[in-house]
Amino acid sequence: MGFRYSVSPFPDPCLVRFTVALPSKHRNTLQDRLGRELRAAMEWKDEGPADVVVGVEGTGMLAQCNQWPGEAGALALIQAGYERIRDRARMGRLNEVGRALVSEQHLDKLLDLILSQGRELLRAEAGSLYLVDDGDKELIFAHTQNAKLDLPYHRFRMPITTTTLAGFVAATGESLNIPDVYGIPGDAPYSFSDSFDRQSGYHTQSMLVVPMTDNEGKVLGVLQFINRVWEEDGNRGVVPFQLEHQNLAQSLAGQAGVAVKNAALRQEIELLFEGFVNASVTAIESRDPVTSGHSSRVANLTVGLAEAINATPNGPYGETFFTERQLREIRYASLLHDFGKVGVREQVLVKAKKLDPLKLELILQRLRQRDLEQALALLSESWKGGEHFDPARWETIIQDRQAETDRLIALVRQSDMPTVLPQEIADGLGLVSGLEFTHWSGERRQLVERSDLNCLRIRKGSLSDTERLEIESHVTHTFRFLKQIPWTRDLQGVPDIAYAHHEKLGGRGYPRGLEAASIPVQSRAMTISDIFDALTAQDRPYKQAVPLSKSLNILHEEASDGNVDRVLLDLFIEAKIFERTAKL
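Residues numbered from 1 in each chain as written. Predicted model: local features only at pLDDT ≥ 70, side-chain atom pairs only at ≥ 80, totals over all residues. Heavy atoms only, no water.

Participant: How do you make sense of the overall build of the protein chain when you look at a structure like this?
Facilitator: Tallying secondary structure elements over the protein chain gives 20 helices and 13 strands in all. For the C-alpha atoms alone, the extent of the protein chain along its principal axes is close to 150 × 55 × 40 Å. Expressed as a percentage of the 584 residues in the protein chain, the buried residues total 47%. Taking the intrachain contacts of the protein chain between residues at least 6 apart in sequence as the baseline, contacts between residues at least 24 apart amount to 65%. Of the roughly 29,500 Å² of accessible surface on the protein chain, a fraction of 52% belongs to carbon and sulfur atoms. Of the charged side chains in the protein chain, 67 are positive and 80 negative; the average position of the first set lies 2 Å away from that of the second. (Helix = DSSP H or I, 4+ residues; strand = E, 2+ residues; numbered from the N terminus. Buried < 20%, exposed > 50% of the residue type's maximum accessible area, 1.4 Å probe, protein only. Contact = heavy atoms within 4.5 Å. Areas by Shrake-Rupley, 256 points an atom, 1.4 Å probe, with all protein chains shown as cover. Lys, Arg positive; Asp, Glu negative; His and termini not counted. Charge placed at Lys NZ, Arg CZ, Asp CG, Glu CD.)

Participant: How should I be thinking about the packing of aromatic side chains in this particular structure?
Facilitator: On inspection of all chains with the given rule, the structure shows 14 aromatic pairs. Relative to Phe 141, the ring of Tyr 130 lies with its centre 5.4 Å away and its plane at 65 degrees, an arrangement referred to as edge-to-face. Taken together, the residues span a long stretch of sequence, with Tyr 130 in strand E5 (residues 124-133) and Phe 141 in strand E6 (residues 138-146) at a distance of eleven residues. The buried category is assigned to Tyr 130, whose relative accessible area is 8%. (Phe/Tyr/Trp six-rings, centres within 6.5 Å; stacked < 30°, edge-to-face > 60°.)

Participant: Explain the sheet that holds strand E3 (residues 50-54) to me, please; I cannot follow it from the model alone.
Facilitator: Strand order in the open sheet formed by four strands is E2-E1-E3-E4, with parallel pairing between adjacent strands. Because the sheet does not close on itself, it has two edges, and the strands there are strand E2 (42-45) and strand E4 (60-65). If you compare each strand with its neighbour and ignore which way they point, the axes differ by 20 degrees on average. Alignment of E3 against E4, held across four bridges, turns out to be parallel. (Pairing = 2+ DSSP bridges. Axes fitted to C-alpha atoms, helices over the stretch in contact; angles between N-to-C directions.)

Participant: Help me understand the pattern of salt bridges, please; the structure alone is not making it clear to me.
Facilitator: Two side chains bearing opposite charge may form a pair once their charged atoms approach each other closely. In the structure shown here, the tally under the stated rule is 27 salt bridges. A salt bridge links Arg 444 to Glu 373, with the shortest nitrogen-to-oxygen separation between them at 3.2 Å. Here Glu 373 lies in helix H11 (residues 357-384) and Arg 444 lies in strand E13 (residues 444-446), a separation of 71 residues in the sequence. On the accessibility criterion, Glu 373 (21% relative accessible area) is partly exposed. Salt bridges sharing partners connect three or more residues here, namely Glu 270, Arg 325, Arg 328 and Asp 490. (Salt bridge = Lys/Arg side-chain N within 4 Å of Asp/Glu carboxyl O.)

Participant: In this structure, what is going on with the packing of helix H18 (residues 521-536) against helix H20 (residues 566-574)? I would like to understand it.
Facilitator: Helix-helix packing is characterised by the crossing angle of the two axes and by the distance between the axes. Where H18 contacts H20, the two axes come as close as 10 Å, and the packing angle between them is 55 degrees. By the angle between their axes, H18 is oblique relative to H20. For the pair H18 and H20, the sense of crossing is right-handed. Contacts between H18 and H20 involve Val 521, Arg 524, Ala 525, Ile 528, Ser 529 and Phe 532 on the former and, on the latter, Leu 568, Leu 569 and Phe 572. (Parallel < 35°, antiparallel > 145°, perpendicular 65-115°, else oblique. Left-handed = near helix turned anticlockwise from the far one by under 90°.)

Participant: Teacher, can you tell me more about the environment of Val 494 here?
Facilitator: Within the secondary structure, Val 494 sits in helix H17 (residues 494-499). Separated by 399 residues in sequence, Val 494 and Asn 95 have C-alpha atoms that sit 34 Å apart.

Participant: I tried to follow the nonpolar core on my own but got confused; where do I start?
Facilitator: Grouped burial of nonpolar side chains is what soluble globular proteins tend to show. Judged by nonpolar contacts, the single largest core of 30 residues is most densely connected at Leu 101, Ile 114, Leu 129, Leu 223 and Phe 225. The set of elements that each furnish at least two residues to this core consists of helix H3 (71-103), helix H4 (107-122), E5, E6, strand E9 (207-213), strand E10 (219-232) and helix H7 (243-287). In this view, Leu 223 contacts Ile 114, Leu 115, Ser 128, Leu 129, Leu 208, Val 209, Val 210, Met 212 and Ala 253; residues no more than four positions away in its chain are not counted. Listed in part, the 28 residues of the second largest apolar core include Leu 327, Leu 535, Leu 552 and Leu 555. (Core = buried A, V, L, I, M, F, W, Y, C linked by side-chain atoms within 4.5 Å.)

Participant: When you look at the environment of Arg 328 in this model, what are you seeing that I'm missing?
Facilitator: When you line up the elements, Arg 328 lands in helix H9 (residues 324-335). According to the relative accessible area criterion, Arg 328 is buried, its value standing at 14%. Considered as a pair, Arg 328 and Val 494 are 166 residues apart in the sequence and their alpha carbons are 9.6 Å apart. The residues touching Arg 328, leaving out its near neighbours within four places in the chain, are Glu 270, Asp 490 and Leu 491.

Participant: Sorry, what's going on with unusual backbone geometry here?
Facilitator: What you tend to see is this: most non-glycine residues have negative phi, and most peptide bonds are trans. In this chain, Gly 48 is followed by Pro 49 through a cis amide linkage whose omega measures 5 degrees. When you line up the elements, Pro 49 lands in the loop between E2 and E3. Omega for the peptide link from Tyr 510 to Pro 511 comes to 5 degrees, which places this bond in the cis form. Tracing the backbone shows Pro 511 in the loop between H17 and H18. Despite not being glycine, Arg 123 has its phi angle at roughly 55 degrees, a positive value. Examined against the element boundaries, Arg 123 turns out to sit in the loop between H4 and E5. Phi at Asn 227 takes a positive value of approximately 60 degrees, unusual for a residue other than glycine. The residue Asn 227 is located in strand E10 in this model. Note on Asn 227: relative accessible area 1%, which makes it buried.

Participant: Sorry, what's going on with helix H19 (residues 548-560) here?
Facilitator: Structurally, the α-helix is built with 3.6 residues per turn, so residues lying three or four positions apart point the same way. Taking 1.5 Å of rise per residue, 13 residues should cover 18 Å, and H19 covers 18 Å from first to last C-alpha, within 8% of that figure. Within the span of H19, buried status applies to Ser 551, Leu 552, Leu 555, Glu 558 and Ala 559. For H19, the arc enclosing every buried residue in end-on projection is 110 degrees, short of the 170-degree limit, so these residues lie on one face. The exposed set on the far side of H19, more than 90 degrees from its buried face, consists of Ser 549 and Ser 560. (Expected span 1.5 Å × (residues − 1). Arc of directions from axis to C-beta.)

Participant: Explain the packing of H4 against H7 here, please?
Facilitator: Running from N to C, H4 and H7 cross one another at 170 degrees; their axes reach a closest spacing of 10 Å. Of the possible angle classes, the one that applies to H4 and H7 is roughly antiparallel. Between H4, through Leu 107, Leu 110, Leu 111, Ile 114, Gly 118, Leu 121 and Leu 122, and H7, the contact on the second element is made entirely by His 245, Leu 248, Ala 249, Leu 252, Ala 256, Ala 259, Val 260, Ala 263 and Gln 267. When the residues that make up the contact of H4 with H7 are grouped by side-chain class, the tally is 13 nonpolar, three polar and no charged. (Nonpolar A, V, L, I, M, F, W, Y, C, P; charged D, E, K, R; others polar.)

Participant: What exactly am I supposed to notice about the environment of Cys 65 here?
Facilitator: Relative to the helices and strands, Cys 65 is located in strand E4. Cys 65 sits in the partly exposed class, given a relative accessible area of 24%. Separated by twelve residues in the primary sequence, Cys 65 and Val 53 have C-alpha atoms spaced 6.1 Å apart. Excluding anything up to four places from it in sequence, Cys 65 contacts Val 53, Val 54, Gly 55 and Leu 77.

Participant: Mind showing me how you'd approach the side chain of Asp 490 here?
Facilitator: With respect to the helices, strands and loops of the structure, Asp 490 is situated in the loop between helix H16 (465-483) and H17. Take Asp 490: its relative accessible area is 17%, and that puts it in the buried class. A polar contact is formed between the side chain of Asp 490 and the side chain of Arg 328, at a distance of 3.3 Å. The contacts of Asp 490, once residues within four sequence positions are left out, are Arg 266, Arg 325, Arg 328 and Glu 329. (Polar contact = N/O pair within 3.5 Å; in protein donor to acceptor, adjacent residues only side chain to side chain.)

Take a look at the structure:
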């Protein structure tokens, strides 16, 4: 469905004030022979300087004849001078329109701007714009405006055929200038459909239809201007479009075609970026499935916080405002903030506990093997000493050995958990540090390797210092990757915004330890969103989701410690940005 448009008739922007110095005795006679547009623009003077000087002394800026040249000569000089000044005005106006069209990069807004500027130039009461779909060989009714009606419209498609006015222009590339659409000759290949007039009560009369072409002459669309309006002495009426208006419309259509092509190309680039970003997020989440959805949630929260900044006119960020394109930049940076995880080893990236599952399995298997080895050693020693086999005694020995092994297995498994390591468990790890087992090669080796023992002794979390640094390196990987992308000018901040999302205001963040002044506000907002989602996420197998109230309290503590932006956190809570993702 389209939008509603109700646009008032515009004054002619190309009307100029035109001064003529001419003997007063000739004025009435000449004025009756001048066109009404020229009469409306003209101002008489008794002497120069003036735009045109005829039969009097003084300088004429556009035309000058100090001797009386006769009525025909005077008319020719006045008309020539007026056309020169009007051409200058129209050229200047076209240049203004061209600059306006080039500056508008949003395709739908551009189409509306083309129509409104064209109607203003031509004093057209209404207008429509069609786009050509080359693939389906169809015309898309894309935009419409009408100063007299306030009606909704729907986009629709129609085949490109010479039987309709717009279709004829699209198919042939020729312009149509029709004084009265109800007077089109019957032998013309095209005809006017009066269905809209009958349904709306509107009366279409004069119409100018021109092709909208790009710089290679390809027809991209059709501009249709309806009912040129002229007002004089309080009277208003519809008049035909003249040849000069057709030329003006064709010049506008040429500029519009180039602008539409550029906007369409830009839209294609933006769709390409959008697809690339979505594919990158998919790649991130395929490496770390347990955090699936994290990037999208962080983007949702960060953009929401940026929009809340826009809606807050007071305070430290009262003068900060993010445009639509800057919000898109923030969204992309948020979606891609963890992309560098593709450069982190998978066993570290998805490490839920202190030991890799295969490592843990190996240690537990070795403990059970050691149990059997000790039992066999005792049995062998007894046999060599001549002891008789006592089933009850050996059952007790085996049960004792198994009980000890079970205690050691429980100790290792509890140490492997990423929760805070109790002191008694840490002390108990000394029981396994010196244990040995028989390797398949026959060598006696340490049952738990030193590196694995160090991992089990991690006080909190699942990562060793080396592994934590490797995880933290994902931020630098993200920045280096994003810097390789040829972002458009309005997206050039994406790498730097993502680079700072783990920095803390007091300089205790990573990877660069930035101070507050060096951290962009976009990154500060993302930091809050990132921490909040990490706390409340319900899809992490290695931890339970932290309740909302406790998560917000943790963020308050972070702000009190000078790590996150207090003003942004207050706004995050006051505007209830957290409701975008949190399950209340």
